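For reference, the chains in residue letters:
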Amino acid sequence: MKSGKAMKILVIGGGPAGLFFSIIAGRALPSAVIHVRERNPRGVTYGWGVAFSESAAGALRPAAPDVIDALTTNTSHDEMVLSLDGAGVPVKVGRSHLNARWSLLATLERFAVGAGVTVEHDCDANVTGSDLDDWDLVIGADGVNSQTREHFAEHFQPSVELGTNWLAWYGTPKHYPPSIILRNSEYGVLMAHASRFSAELSNFTVEVGQETFDRLGFAELTEDGSRELCERLFADSLDGAPLRSDHSPWFQTKFVSCARWTHRNLVLIGDALHTVHPSIGSGTRFAMRDAVYLTEALTRAGWDVEVGLKEFERVRKPVADAFQAAAKRSIAWYEGLPSRTITHPTKFALEYLMRTGRVSYRDFRRENRDVVLGYERDLR
Ligand SMILES: Cc1cc2nc3c(=O)[nH]c(=O)nc-3n(C[C@H](O)[C@H](O)[C@H](O)COP(=O)(O)OP(=O)(O)OC[C@H]3O[C@@H](n4cnc5c(N)ncnc54)[C@H](O)[C@@H]3O)c2cc1C
C-alpha cells in the first residue's frame, strides 16, 4: 500500500462476490475508499432464491459472523425429496439456508454501506486499460457474462463452455422442500429443481435436454408461452399452483474458467472468474469464498496489491479447481440424464446424491438407512 494515502478500490458489480469483498475489505482496511459500481437499479436483480449449505455458512462465518448470521435466519431445510414420475423419496441431507436473491443482495449492501463502502447503482462500468491507473485495485465481480473478463480476454485467457441442457428459472407460490423432480415423458426427460426460499415462494427451475427442448418447440415460444407450457408439463407436481416469471428466459449454463486471474492491478472474482453450476447450488458461496481468500491474501501482503494478487491466485486456485471438478461431474450427470432411463426412485436418489463424488454409498446408507434397506430389498 502506498504510504500516507488512502487506498482506492473499485469493485465492478454489486453481486455476492463484489459486495462481500467490499464488506470484509472495508472492515479490514477502514482507511480505504471502496466504490462499488452496479449496473442494475437498487432492488433489481435476476433469479429467485439461492441456497447456502450449513457447511458453506460455516466456512464463510469467520470472515463476517454478523453477515452470515443475517443470511442464515430465514428459511432452512434438512431434507430433500427426489421424485421420479410422481414417486417421491425423502432423504436426509445437510442443512441448507435459503434467501431470495433480492433480499440477500439488500442485506449485503446494508452491511457494505455500514462498512463505509459507496454503492452506486444504475452504473454500467466498462473499465479500460487507462481506467486502471485511477485506482490502486480494481475487482472485476461482474458475473458470468463479465465485460471486464472479455475486455481483457487476452490477459485472462478465459474458456467459456456452453452446457447442452436448457434451463428456465421460475418461482412458484407452492411450498416445496428442496426437490428434484424427474419425469419420463413422451417428449423425453423433464426435470425441475424446486425449493421454498421464503414464506411465500419457492424456486422452480426447469431443465431439459436439447431434443426435448426441440420437440416441445420452446425456441419458438415467448417467455410467457414457455412458462404456461411448463405449468402444464409439471401440473401433477404443481397441484394447480402457477409458475411465475421474472425475466426467466431459457438459457444454457456457461462453465467459465480463466488461465490467468489477474492483470496489473485488476483481479476477477466470483462468476466472472470461474463458475460452478446451478445444480450444485453453490455459486454464491463459491463467489463469496473468493472474496474471503482475496482479502486474506491482501492482508497477509500488507495490502501490497502485486504481492497480494499473486498470493490470492496461488492459495485459492487449487481449492477452486477441485470444486470446479466436482461441478463438472454434476453437469455430466445432468446432461447424461436425457439419454438414459431411470426407473427406480431410490436409484435416482442415490445417483443424484453421489453424482459429484463427494457423498459415498456408505455416507448415504448411514444417513438414510430405511430408504436404502427398502431399495436393497427391491433388488433381491
Ligand atoms: C438457475 C440458477 C440457480 C442458482 N441457484 C443457486 C443456489 O441455490 N445457490 C447458490 O449458491 N448459487 C446459485 N446460483 C449461482 C449464483 O447465482 C451465482 O453463482 C452467484 O450469483 C455469483 O455471484 P457473483 O457476484 O459472482 O455474480 P452475480 O451474482 O451475477 O453478480 C454480478 C453483478 O454484476 C453486475 N454487473 C454486470 N456487468 C456489470 C457492469 N458492466 N457494470 C456494473 N455492474 C455489472 C450485475 O448486474 C450483477 O449484479 C444459481 C444460478 C442460477 C442461474
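Residues numbered from 1 in each chain as written. Predicted model: local features only at pLDDT ≥ 70, side-chain atom pairs only at ≥ 80, totals over all residues. Heavy atoms only, no water.

**Student:** For the sheet that holds strand β9 (residues 166-172), give the residues involved together with the corresponding values.
**Tutor:** Strand pairs in the sheet, formed through backbone hydrogen bonds, run parallel or antiparallel to each other. If you trace the seven strands from one edge of the open sheet to the other, you get β3-β5-β4-β10-β11-β12-β9, paired in mixed fashion. Every interior strand has two partners, whereas the edge strands, β3 (49-53) and β9, have only one. With direction set aside, neighbouring strand axes in the sheet form an average angle of 30 degrees. Where helix α8 (residues 223-233) meets the sheet, its contacts fall on β9, β10 (179-185), β11 (188-196) and β12 (202-208), and the angle it forms with β9 comes to roughly 75 degrees. (Pairing = 2+ DSSP bridges. Helix = DSSP H or I, 4+ residues; strand = E, 2+ residues; numbered from the N terminus. Axes fitted to C-alpha atoms, helices over the stretch in contact; angles between N-to-C directions. Contact = heavy atoms within 4.5 Å.)

**Student:** Describe unusual backbone geometry, and please don't skip the residues or the numbers.
**Tutor:** You will see that aspartate 85, though not glycine, has its phi angle at about 45 degrees, which is positive. Along the polypeptide, aspartate 85 turns up in the loop between β4 (75-84) and β5 (87-100). Positive phi outside glycine occurs at tryptophan 303, with the angle close to 60 degrees. Take tryptophan 303: it is sitting in the loop between α10 (283-300) and α11 (305-336). On the basis of relative accessibility, which here comes to 4%, the residue tryptophan 303 falls in the buried class. (Buried < 20%, exposed > 50% of the residue type's maximum accessible area, 1.4 Å probe, protein only.)

**Student:** Tell me about the site of the ligand, and please be specific about residues and values.
**Tutor:** By nearness alone, 31 residues border the ligand, and Glu38, Tyr46, Arg101, Asp271 and Thr284 come closest of all. Arginine 39 is positioned with one of its backbone polar atoms (N or O) 3.0 Å from a nitrogen atom of the ligand. Alanine 125 is positioned such that a nitrogen or oxygen atom in its backbone is 2.9 Å from a nitrogen atom of the ligand. Looking at the shell around the ligand, the elements that each hand over two or more residues are α1 (16-28), β3 and α10. Considering each element in turn, the shell around the ligand owes the most residues, four residues, to α10. Among the residues making up the shell around the ligand, the classes are represented as 13 nonpolar, 10 polar and eight charged. (Near = heavy atom within 4 Å. Polar contact = N/O pair within 3.5 Å; in protein donor to acceptor, adjacent residues only side chain to side chain. Nonpolar A, V, L, I, M, F, W, Y, C, P; charged D, E, K, R; others polar.)

**Student:** Mind laying out the packing of aromatic side chains, listing which residues take part and the relevant values?
**Tutor:** Per the counting criterion, the structure on display carries 15 aromatic pairs. With a centroid separation of 5.9 Å and an interplanar angle of 85 degrees, the aromatic rings of tryptophan 102 and phenylalanine 197 are classed as edge-to-face. A residue pair is termed long-range when its members are at least 10 positions apart, and tryptophan 102 in helix α4 (residues 101-114) and phenylalanine 197 in the loop between β11 and β12 qualify at 95 residues. In this structure tryptophan 102 comes out as partly exposed when scored by relative accessible area, which is 34%. With a centroid separation of 6.5 Å and 85 degrees between ring planes, the pair formed by tyrosine 334 and tyrosine 352 is classed as edge-to-face. Note that tyrosine 334 is positioned in helix α11 and tyrosine 352 in helix α12 (residues 345-354), a separation of 18 residues in sequence. The ring of tryptophan 135 is capped by lysine 8, whose NZ or CZ atom sits 4.8 Å from the centre of that ring. In this structure, arginine 101 is placed above the aromatic ring of tyrosine 46, and the distance from its NZ or CZ to the ring centre is 3.9 Å. (Phe/Tyr/Trp six-rings, centres within 6.5 Å; stacked < 30°, edge-to-face > 60°. Lys NZ or Arg CZ within 6 Å of the ring centre and 35° of its normal.)

**Student:** I'd like a description of the pattern of salt bridges, backed by residues and values.
**Tutor:** Counted under the stated rule, the structure contains 20 salt bridges. Note that aspartate 133 and arginine 264 form a salt bridge whose closest N and O atoms lie 2.6 Å from each other. Here arginine 264 lies in the loop between β14 (262-263) and β15 (266-268) and aspartate 133 lies in the loop between β6 (118-120) and β7 (137-140), a separation of 131 residues in the sequence. According to the relative accessible area criterion, aspartate 133 is exposed, its value standing at 55%. Arginine 264 sits in the partly exposed class, given a relative accessible area of 47%. For arginine 300, the salt bridge goes to glutamate 311, with nearest N and O atoms at 3.2 Å. Of this pair, arginine 300 sits in helix α10 while glutamate 311 sits in helix α11, placing them 11 residues apart in sequence. For glutamate 311, a relative accessible area of 18% translates into the label buried. (Salt bridge = Lys/Arg side-chain N within 4 Å of Asp/Glu carboxyl O.)

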